[in-house]
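The chain contents come next:
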Amino acid sequence: MNLSVTEVAHLYVSHLTDGNGLYIDATLGNGYDTLFLAQRLGEKGKIFAFDIAPQAFLKSKELLEKHQINRTNITFIRDSHENIASYIKEEMITAAMFNLGYLPGSGQKYKTEAAVTLQALDAVLCNLQQGGIVTICSYVGHDNGEEDAALQQFLLNVNNKRYEITKTTAIGRKLSPNVYLIIKTGRTDEKYV
Ligand SMILES: C[S@@+](CC[C@H](N)C(=O)[O-])C[C@H]1O[C@@H](n2cnc3c(N)ncnc32)[C@H](O)[C@@H]1O
């Protein structure tokens, strides 16, 4: 059986959260991760979905409509994910999902950039609750692997007493994408470095 990277990320999120927190889709794209989160959202749960490409919002809303998803608990935010912290008030993040790369069909006009991705990850980690998780689907074929290499370097410097970090990749498959899972095991107020 072959699992796609997004299916691996979905497996992690569905096992580790109960749908009643604040969920961040840091890269809305065509809306598949937001749909996945919305289908598991509890009464108290909410989703903030970020993207910089205008077409991401049209496509995602169409997808949610097709699946008859009530959008009242979903906030669509057309802004770069590096600004995540400015949309969060006192609440902490339960789970954040990143799916790096570009919006299919956008001619690669809107694509994630290593420096911005790391700023967004910094904002997420600073606002992650204890037990909170982050998944990142990262493509080695994108940007000659530069974004993935920068991400791995960043993650190597995260305090492993406060965060558990694993990487899932297919053995023996050339340019296999990576799925990173970060779990905050330390207290909410503890910093990640
Ligand atoms: C691989 S796609 C995401 C796929 C999406 N998760 C889905 O389920 O369809 C990557 C997305 O990241 C978006 N993106 C690129 N840079 C961004 C940024 N700085 N802030 C927010 N989104 C960004 C792109 O516009 C694109 O839609």
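One can find the structure itself at the top, above this paragraph.
Residues numbered from 1 in each chain as written. Predicted model: local features only at pLDDT ≥ 70, side-chain atom pairs only at ≥ 80, totals over all residues. Heavy atoms only, no water.

A. View of the pairing of strand β1 (residues 22–25). Across the two faces of β1 the burial is the same, with L22 and I24 and Y23 and D25 all buried. Where β1 meets strand β2 (residues 46–51), four bridges bridge the pair, whose relative direction is parallel. Among the inter-strand pairings, Y23 is bridged to a residue of β2, identified as I47. The parallel pair β1 and β2, bridged by helix α2 (residues 32–39), forms a crossover whose chirality is right-handed. Looking at chain direction, β1 and strand β4 (residues 93–99) are connected through four bridges and run parallel. Looking at β4, one finds that D25 is bridged to M97. (Buried < 20%, exposed > 50% of the residue type's maximum accessible area, 1.4 Å probe, protein only. Helix = DSSP H or I, 4+ residues; strand = E, 2+ residues; numbered from the N terminus. Pairing = 2+ DSSP bridges. Right-handed = clockwise from strand over helix to strand, strands pointing away.)

B. Main features of the sheet that holds β4. The mixed open sheet is built from seven strands, whose spatial order is β3-β2-β1-β4-β5-β7-β6. The strands lining the two open edges of the sheet, one partner per strand, are β3 (74–78) and β6 (163–168). Looking at each pair of strands side by side, their axes are set apart by 15° on average, direction ignored. Along the sheet, helix α4 (residues 114–126) contacts β4, β5 (128–138), β6 and β7 (178–184); its crossing angle with β5, the most-contacted strand, is approximately 155°. (Axes fitted to C-alpha atoms, helices over the stretch in contact; angles between N-to-C directions. Contact = heavy atoms within 4.5 Å.)

C. Examining the nonpolar core more closely. Ranked by internal contacts, the top residues of the largest apolar core, which has 29 residues, are L37, I74 and F76. Elements supplying a minimum of two residues to this core: α1 (5–16), α2, β2, α3 (54–66), β3, β4, β5 and β7. Setting aside its immediate chain neighbours within four residues, L37 contacts V13, Y23, D25, I47 and M97. Within the second largest apolar cluster, 28 residues are counted, among which are I77, L121, F154 and L155. (Core = buried A, V, L, I, M, F, W, Y, C linked by side-chain atoms within 4.5 Å.)

D. Local environment of the side chain of S138. In this structure, S138 sits in strand β5. Within the structure, the side chain of S138 is placed 2.5 Å from the side chain of D148, a separation counted as a polar contact. Leave out the neighbours within four places in its chain, and S138 touches L100, D148, L151, P177, N178 and Y180. (Polar contact = N/O pair within 3.5 Å; in protein donor to acceptor, adjacent residues only side chain to side chain.)

E. The arrangement of α4 in detail. Its 13 residues give α4 an end-to-end C-alpha distance of 18 Å, which sits within 8% of 18 Å, the value for a rise of 1.5 Å per residue. In this structure, the buried side of α4 is in contact with β4, β5, α5 (146–156), β6 and β7. (Expected span 1.5 Å × (residues − 1).)

F. Structural detail: the site of the ligand. What surrounds the ligand is a group of 23 residues, the closest being T27, N30, D33, D51 and S80. In this structure, an oxygen atom belonging to the ligand sits 3.0 Å away from a main-chain N or O atom of Y32. H81 is positioned such that a nitrogen or oxygen atom in its backbone is 2.9 Å from a nitrogen atom of the ligand. In isolation the ligand exposes 610 Å². Once the protein is present, 94% of that is buried. (Near = heavy atom within 4 Å. Areas by Shrake-Rupley, 256 points an atom, 1.4 Å probe, with all protein chains shown as cover.)

Just distances and angles here, no functional claims.
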